[in-house]
Amino acid sequence: GVIPSMIVIDTLARNFGPGDENATKEMNTFINNIDQLLRSKYECCVLIVHHTGVGAKDRARGNSALKGALDAEYAVVKSDDEVKITAKKMKDADEPEPVNFLFDPVRLPFMDDDGEPQYSCVLSYFDKNADMLAKREEAQEKSAEAGRRQAEINIGQKQIEIIKILNKQIVCAKTVLAGSGRDPALARIEIRNLKDAVTDKGIVPKKNWGRTFTALVERGFLEVDEPFVAIAQKGRDIVF
C-alpha cells in the first residue's frame, strides 16, 4: 500500500543478471523492464547507479542505449576529499552548473570494543566564499566537541594498558631521582618515550598511536605539557 517516490537501482551491474551490458538488445530489455515494472507501475523516479568504463572515465560503461533512454545523467567524481557532480545530460532542461561537495569527518557518539573513537563523514556544499568556509570550520569544531562529550564514558583495555605503562615509567623515574638525591616529584615522561614503550610492546600499532593518544587526552585520562605527558586524576581514578 506504500507508493514509492523513488526507486534506486544500486548498481546496474548488480541488477543486470547474466546479461551483457555492451549488447544493445540486452540493454534495451533492461530499460524496458525498468519502464514497465517500476516507472510506469509506480509512477515514480528510478535512479540508476552505474560505473564509468575502465578506459573511458568520461562516460558510463556499456551500451549507449542506456544514455539514450535517460531523462537526466550526472557524473559523480571524487578527488581527495572533494566530490564534484556534473550534469552530462538533461532531456527537457538546460544542464545546471557543476556542484562541489567536501567530505567532512564526523565523530560518532560511540566507541569500539577497545574504546577507540569511531568516525564517519558527511557531504557539505563547497563554496570558495570565505564566509562559507568559516561556517564549515565552526560546524566541524562543534561536531568535534560533541564527539568529545560523548566519549567521556568508555575506556578500552588497550587504553588501560597505556596508562599502566606510563605509571610504571613515572615510578621508575621517581626511583632514579630519589636514588640520586633529587626530588622524585620532578619525574616527567616525554610523549615519545611513552609511544616507544607502547608500540614496542605491540599494544597499539604505530599508525594508530596518534588517534589512540589523542582520545586519551581529549577524554581527560592523560594530561599533556609538551613534550611531557602525565596521568590525569580521572585516569588514576578509573585505572587504579
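Everything here concerns the structure above.
This write-up is about the structure you can find in this document. (Residues numbered from 1 in each chain as written. Predicted model: local features only at pLDDT ≥ 70, side-chain atom pairs only at ≥ 80, totals over all residues. Heavy atoms only, no water.)

**A closer look at the pattern of salt bridges**
And then number 1: Scanning all chains against the criterion turns up ten salt bridges.
And then number 2: The salt bridge involving Lys142 is made with Glu138; its shortest N-O contact spans 3.5 Å. On the criterion of helical spacing, the pair formed by Lys142 and Glu138 is a turn pair, its members being four residues apart in helix α3 (residues 130-150).
And then number 3: Residue Lys142 is classed as exposed on the basis of its relative accessible area of 54%.
And then number 4: Each member of the salt-bridge network shares a partner with another, and the members are Asp35, Arg39, Asp71 and Lys91. (Salt bridge = Lys/Arg side-chain N within 4 Å of Asp/Glu carboxyl O. Helix = DSSP H or I, 4+ residues; strand = E, 2+ residues; numbered from the N terminus. Buried < 20%, exposed > 50% of the residue type's maximum accessible area, 1.4 Å probe, protein only.)

**Describing a nonpolar patch on the surface**
And then number 1: A cluster of nonpolar residues, Met6, Val8, Leu47 and Val49, forms a patch on the protein surface that exposes about 300 Å² of accessible area.
And then number 2: Counting only elements with at least two residues in the nonpolar patch, the list comes to β1 (6-10) and β2 (45-49).
And then number 3: Examined against the element boundaries, Val8 turns out to sit in strand β1.
And then number 4: For Val8, a relative accessible area of 44% gives the class partly exposed. (Patch = residues over 30% accessible without salt bridge, like charges linked within 9 Å, V, L, I, M, F, W, Y side chains within 5 Å. Areas by Shrake-Rupley, 256 points an atom, 1.4 Å probe, with all protein chains shown as cover.)

**What to know about the sheet that holds strand β9 (residues 228-231)**
And then number 1: The strand order across the open sheet built from three strands is β7-β9-β8, with neighbouring strands paired in antiparallel fashion. Each of the sheet's edge strands pairs with one partner strand only, and the pair in question is β7 (189-190) and β8 (222-225).
And then number 2: Here β8 pairs with β9 via four bridges, running antiparallel. Bridging from a neighbouring strand, Glu223 pairs with Ala230 of β9.
And then number 3: Set on the sheet, helix α4 (residues 157-179) makes contact with β7, β8 and β9; between it and β9 the angle comes to about 105 degrees.
And then number 4: Here helix α6 (residues 206-218) sits on the sheet and contacts β8 and β9; the angle it forms with β8, its principal contact strand, is near 100 degrees. (Pairing = 2+ DSSP bridges. Contact = heavy atoms within 4.5 Å. Axes fitted to C-alpha atoms, helices over the stretch in contact; angles between N-to-C directions.)

**Points about the pairing of strand β4 (residues 82-90)**
And then number 1: One ladder, built from eight bridges, connects strand β3 (residues 72-79) with β4; its direction is antiparallel. Bridging across to β4, Ser79 finds its partner in Glu82.
And then number 2: Between β3 and β4, which pair antiparallel and follow one another directly, the connecting turn spans two residues, one of which, Asp80, has a positive phi of 55 degrees.
And then number 3: Bridge analysis of β4 against strand β5 (residues 99-111) gives four bridges, and the strand direction is antiparallel. Note that in β5 the partner of Ile85 across the bridge is Val99.

**Here we look at the packing of aromatic side chains**
And then number 1: Scanning all chains against the criterion turns up three aromatic pairs.
And then number 2: With 5.1 Å between their ring centres and 25 degrees between their planes, Trp209 and Phe213 make a pair best called stacked. Note that Trp209 and Phe213 are positioned in helix α6 at a spacing of four residues, about one turn of the helix. Each of the two residues, Trp209 as well as Phe213, counts as buried.
And then number 3: In this structure, Lys234 is placed above the aromatic ring of Phe221, and the distance from its NZ or CZ to the ring centre is 4.8 Å. (Phe/Tyr/Trp six-rings, centres within 6.5 Å; stacked < 30°, edge-to-face > 60°. Lys NZ or Arg CZ within 6 Å of the ring centre and 35° of its normal.)

**Let's talk about the packing of α4 against α6**
And then number 1: Where α4 contacts α6, the two axes come as close as 11 Å, and the packing angle between them is 80 degrees. The orientation of α4 with respect to α6, classified from their angle, is roughly perpendicular. Contacts between α4 and α6 involve Gln159, Ile162 and Ile163 on the former and, on the latter, Trp209, Thr212, Ala215 and Leu216.
And then number 2: Looking at the contact of α4 with α6 residue by residue, the classes come out as five nonpolar, two polar and no charged. (Parallel < 35°, antiparallel > 145°, perpendicular 65-115°, else oblique. Nonpolar A, V, L, I, M, F, W, Y, C, P; charged D, E, K, R; others polar.)

**Here we look at the side chain of Arg107**
And then number 1: Position of Arg107 among the secondary structure elements: in strand β5.
And then number 2: There is a polar contact of 2.4 Å between the side chain of Arg107 and the side chain of Glu218. (Polar contact = N/O pair within 3.5 Å; in protein donor to acceptor, adjacent residues only side chain to side chain.)

**Regarding the nonpolar core**
And then number 1: One finds Leu166, Leu194, Val198 and Leu222 to be the most contacted residues of the largest nonpolar core, which totals 24 residues.
And then number 2: The element best represented in this core is α4, accounting for eight residues.
And then number 3: Beyond its immediate stretch of four places on either side in the chain, Leu166 contacts Ile189, Leu194, Leu222, Val229, Ala230 and Ile231. (Core = buried A, V, L, I, M, F, W, Y, C linked by side-chain atoms within 4.5 Å.)

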